Amino acid sequence: MRDLWHGISGVLASSWRVGRGRLLVSALLMLLGNVSTPLIAVFLAVTTDAALRRDTATAVQAAVAVAVVALLSLTMEHFAHIFFFELADLHHLRAERELGDLAQGTAGLEQHERQDYADRMELLRKETWELGAGVQTVLTAITLSVQIALTGVLLARLEPWLLVLPLFAVPPLIAGRLAEARHERAELATAEARRLSWHLLELAVSPAAAKEIRLFGLRRVLRERQTAARRAEEVPLRRAELIGLGLRLAGQLIFAVGYVAAVVVVVRSAIAGQRTVGDVVLVITLAVQTNAQAAGAVAVAGQLQRNARAMGWVRWLRRESARAADPVVPDRPVPATLTDGLRFDGVAFRYPGTDTDVLRDVTLHIPAGATVAIVGDNGAGKSTLVKLLARFYRPTAGEITVDGVDLRRIDPAAWRERITAGFQDFLKLEAPARESIGAGDLPSLLDPAAVPAAVHRADAQAVIDRLPEGLDSHLGKSYEDGEELSGGQWQRVALSRAMMREEPLLLLLDEPTAALDPLTEHALFERYAASARDLGHRTGAITVLVSHRFSTVRMADLILVISDGRIAESGTHDALMAHDGIYAEMFTLQASAYR
Ligand SMILES: Nc1ncnc2c1ncn2[C@@H]1O[C@H](COP(=O)(O)OP(=O)(O)OP(=O)(O)O)[C@@H](O)[C@H]1O
């Protein structure tokens, strides 16, 4: 009940904010239409009795009144719709904006990892229209309630026990509620199958997947899996719908029994001369309307519950986002320059919803100004370490400090303004090249020299030179004249974006050159290392590089070897080679492969 109330008040408050004029006018029109409906019965009764009395003047006036209220009852809701649609659009837009803000507004990525979060997010994405339509639902519910109350008063004036009639509308309401609950359970239970079927469908139409689908002859297997996933989604949903239909039908049957009984009793008292024919007309008409009102109430109750559920999810998301906020309130500024560097002290990390630590007991010092390379097998935990440095996650144990300050005490947004990064799974931002690159530092996007300078630092001029309009060319297939780039070219664009910030305290490069050939990567990293050292001398800036290519790795001042979530070895290339451990073995193996 509280959810229902929160849903109604949430919709009204939001509609009031986005368009109070439209809200008031549509409420007024709806009210007029709804109040007119029971008045049809009243004027019909008056017309009938006046006609039987041969009172022509009253009969004609009442008949005109019937026509007028019937017209109002039939048309007002249509006029109200014109305003509803606009309101629903505005409301929908607002809901979508809020969803985007909630999904992207948290400092970390923890909530994106959680299945319950992903499921609700997916359902909410589907139900943003539900949220938009909520205003119509709520106004219909309010004005329908007024109509039902007016009908009740009219029935009670005639015969108090006729008030029992609306009670027969309760079973359909309960049945509707049960049906909704069943449907909701089925939707949540089938969310995984739905996600899988969407993913498979996306693969089927995605140009990126087309190559491997053809090459490996996966079309049939994918289609079969998609069909199976669809079936796994459809069957429980259809079953829930059928059971819901049965429940609703049973509720309506109970109402029908009450209706028939009421009409029979009034007709009998009219035959006995205790009631006028007009009274019989009044009861028959009102009882028919009560039936429609009950059906309307059931429908609107279902919609109200759906609306309450969607609003409940929005509130849940707001709570989750607030909970995802750091427990430690940031109270320390980002240092202007680094003097000591970064320290990990007993850091462990476990991804949300999993039960194994992917990093364990990591204790290390990355001195200010250093260029660090991280190596290790696939899945060793290299990228996870980088993500902790970017503050996408908080360590589950231990602490990371920046010049002695716990990273959690520094505002993540302020920290990120002083770092920059290039990832292997980079963003292909389809926009004019200038913007796709400039997004790496929005404040300098309008500085005409900033983007070309970043392109130069990333050694990506050759990519830009091949574009018909240079930096003004549109990138990607979203544009009719958009240039589609190769994987390596996109990666250069992403690297240029990473180079937009001129003086970051931390440059994170997580296999950003994986799509480039080893020689190019080597040359590129030499270039970065030189400018990183220069920057490191001036500001203590640290460069962290994850790479599987040892020809690049060996240039670093400090090499960290991660094995099974722990720092297995650390030191310079020479020291690690002399140590003759994991690093030496990996290096020798790769070097011999190139010989
Ligand atoms: N979002 C995630 N949720 C749960 N587990 C994850 C997630 N991302 C990574 N993992 C797990 O954490 C472990 C470390 O992954 P990570 O990406 O850090 O490895 P990596 O050393 O960078 O590997 P690679 O060289 O293949 O990029 C792996 O076992 C991986 O399965």
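Residues numbered from 1 in each chain as written. Predicted model: local features only at pLDDT ≥ 70, side-chain atom pairs only at ≥ 80, totals over all residues. Heavy atoms only, no water.

The name given to the protein in an unreviewed UniProt entry is ATP-binding cassette subfamily B protein, with Pseudosporangium ferrugineum as the source organism. Of the comments in the UniProt record for the protein, the one headed Subcellular location (unreviewed entry) reads "Cell membrane". (UniProt positions renumbered as here; feature names shortened; annotations may be inferred.)

Novice: Give a description of the pairing of strand 10 (residues 566–571) that names residues and reports values.
Specialist: Bridging between strand 9 (residues 558–563) and strand 10 involves five bridges; their strand directions are antiparallel. If you follow Ile559 over to strand 10, its bridge partner there is Gly571. (Pairing = 2+ DSSP bridges. Helix = DSSP H or I, 4+ residues; strand = E, 2+ residues; numbered from the N terminus.)

Novice: Summarise the sheet that holds strand 4 (residues 397–402); cite the residues concerned and give the values.
Specialist: Taken together, the four strands give an open sheet; going across it, the order is 2-1-4-5, and neighbouring strands pair in antiparallel fashion. Two strands close off the open sheet at either side, each with one partner strand: strand 2 (359–367) and strand 5 (405–406). Across six bridges, strand 1 (residues 341–349) lies against strand 2 in antiparallel orientation. Residue pairing in the sheet places Phe349 in a bridge with Leu359 of strand 2. Each of strand 1, strand 2 and strand 4 is contacted by helix 12 (residues 382–389), which is oriented at about 120 degrees to strand 1, the strand it contacts most. (Contact = heavy atoms within 4.5 Å. Axes fitted to C-alpha atoms, helices over the stretch in contact; angles between N-to-C directions.)

Novice: Can you explain helix 1 (residues 2–52)? Please cite residues and give values.
Specialist: With 51 residues, helix 1 should cover 75 Å at 1.5 Å per step; its first-to-last C-alpha distance of 51 Å lies more than 12% under that length. Along helix 1, the helix axis deviates most sharply at Gly19, where the bend reaches about 120 degrees. Positive backbone phi, at 60 degrees, marks Arg54, one or two positions downstream of helix 1. (Expected span 1.5 Å × (residues − 1). Bend = angle between axes of the 7 residues up to and from the residue.)

Novice: Now, about the UniProt feature "transmembrane region" (unreviewed entry) in the protein: what can you tell me, with residues and values included?
Specialist: What UniProt calls "transmembrane region" (unreviewed entry) maps, in this numbering, to residues 23–46, 58–76 and 245–267. What you have in residues 23–46 is 100% helix and 0% strand, and the ends, taken at the C-alpha atoms, are 35 Å apart. For the annotated span residues 58–76, helix accounts for 100% and strand for 0% of the residues, and the straight-line distance between the end C-alpha atoms is 26 Å.

Novice: Kindly report on the side chain of Ser436, identifying the contributing residues and their values.
Specialist: The residue Ser436 is located in helix 14 (residues 433–438) in this model. On the accessibility criterion, Ser436 (0% relative accessible area) is buried. Side-chain polar atoms of Ser436 contact the backbone oxygen of Leu429, separated by 2.7 Å. (Buried < 20%, exposed > 50% of the residue type's maximum accessible area, 1.4 Å probe, protein only. Polar contact = N/O pair within 3.5 Å; in protein donor to acceptor, adjacent residues only side chain to side chain.)

Novice: Please provide a residue-by-residue account of the packing of aromatic side chains, values included.
Specialist: Enumeration over the complete set of coordinates arrives at seven aromatic pairs. Ring geometry for Phe349 and Tyr393: centres 5.2 Å apart, planes at 50 degrees, overall tilted. Of the two residues, Phe349 is situated in strand 1 and Tyr393 in the loop between helix 12 and strand 4; the sequence distance between them amounts to 44 residues. Here Phe349 matches Tyr393 in class, with each residue buried. Seen in terms of ring centroids, Phe550 and Phe587 are 6.2 Å apart; in terms of plane orientation they differ by 85 degrees. Their pairing is edge-to-face. Of this pair, Phe550 sits in helix 19 (residues 550–553) while Phe587 is found in helix 21 (residues 582–594), placing the two residues 37 residues apart along the sequence. Under the relative-accessibility criterion, Phe550 is labelled buried at 6%. Judged by its relative accessible area of 13%, Phe587 falls in the buried class. (Phe/Tyr/Trp six-rings, centres within 6.5 Å; stacked < 30°, edge-to-face > 60°.)

Novice: Provide a residue-level description of helix 8 (residues 191–205), including the pertinent values.
Specialist: Residues separated by three or four positions in an α-helix point in the same direction, a consequence of the helix having 3.6 residues per turn. Over its 15 residues, helix 8 runs 21 Å from end to end, which matches the ideal 21 Å to within 8%, given 1.5 Å per residue. What helix 8 keeps buried is the set Ala191, Ala193, Arg194, Ser197 and Leu200.

Novice: Hey, could you go over the confidence of the model for the protein for me, with residue numbers and the actual values?
Specialist: Residues with a pLDDT of 70 or more make up 95% of the protein, whose mean pLDDT is 85. Interface confidence for the predicted complex, given as ipTM, is 0.96, next to a pTM of 0.63. (pLDDT = per-residue confidence, 0-100.)

Novice: Pulling in residues and values, what's your account of the packing of helix 7 (residues 170–189) against helix 10 (residues 219–271)?
Specialist: Taken N-terminus to C-terminus, the directions of helix 7 and helix 10 make an angle of 175 degrees; their axes are 8 Å apart at the nearest point. One way to sum up the angle between helix 7 and helix 10 is to call them roughly antiparallel. Mapping the contact onto sequence places Pro171, Pro172, Ala175, Gly176, Leu178, Ala179, Glu180, Arg182, His183, Ala186 and Glu187 in helix 7 and Pro236, Leu237, Ala240, Glu241, Ile243, Gly244, Leu247, Arg248, Gly251, Gln252, Ile254 and Phe255 in helix 10. Looking at the contact of helix 7 with helix 10 residue by residue, the class counts come to 13 nonpolar, five polar and five charged. (Parallel < 35°, antiparallel > 145°, perpendicular 65-115°, else oblique. Nonpolar A, V, L, I, M, F, W, Y, C, P; charged D, E, K, R; others polar.)

Novice: For the pattern of salt bridges, give the residues involved together with the corresponding values.
Specialist: Evaluated as defined, the whole model comprises 19 salt bridges. Of the charged contacts, one joins Arg230 and Glu233 as a salt bridge, the two residues approaching to 3.3 Å between their closest N and O atoms. Linking Arg230 with Glu233, this pair stays in helix 10, spanning three residues, or about one helical turn. (Salt bridge = Lys/Arg side-chain N within 4 Å of Asp/Glu carboxyl O.)

Novice: Explain the nonpolar core to me, and be specific about the residues and the numbers.
Specialist: In terms of nonpolar packing, the biggest core is built from 38 residues, with Leu389, Trp415 and Leu506 touching the most fellow members. Residues contacting Leu389, with those up to four places away along its chain left out, are Leu342, Phe344, Ile400, Leu407, Trp415, Ile419, Leu506, Leu508 and Val544. (Core = buried A, V, L, I, M, F, W, Y, C linked by side-chain atoms within 4.5 Å.)

Novice: I'd like a description of the environment of Met500, backed by residues and values.
Specialist: On the secondary structure map, Met500 appears in the loop between helix 17 (487–498) and strand 7 (506–510). The class of Met500 is buried, set by a relative accessible area of 2%. Separated by 60 residues in the primary sequence, Met500 and Gly440 have C-alpha atoms spaced 5.3 Å apart. Residues contacting Met500, with those up to four places away along its chain left out, are Ile437, Gly438, Gly440, Asp441, Ser444, Ala450, Val451, Ala454 and Arg457.

Novice: Let's hear about the environment of Asp574: which residues, and what values?
Specialist: Looking at the secondary structure, you find Asp574 in helix 20 (residues 573–579). Classification of Asp574 as exposed rests on a relative accessible area of 58%. For the pair Asp574 and Arg554, spaced 20 residues apart in sequence, the C-alpha to C-alpha distance is 8.5 Å.

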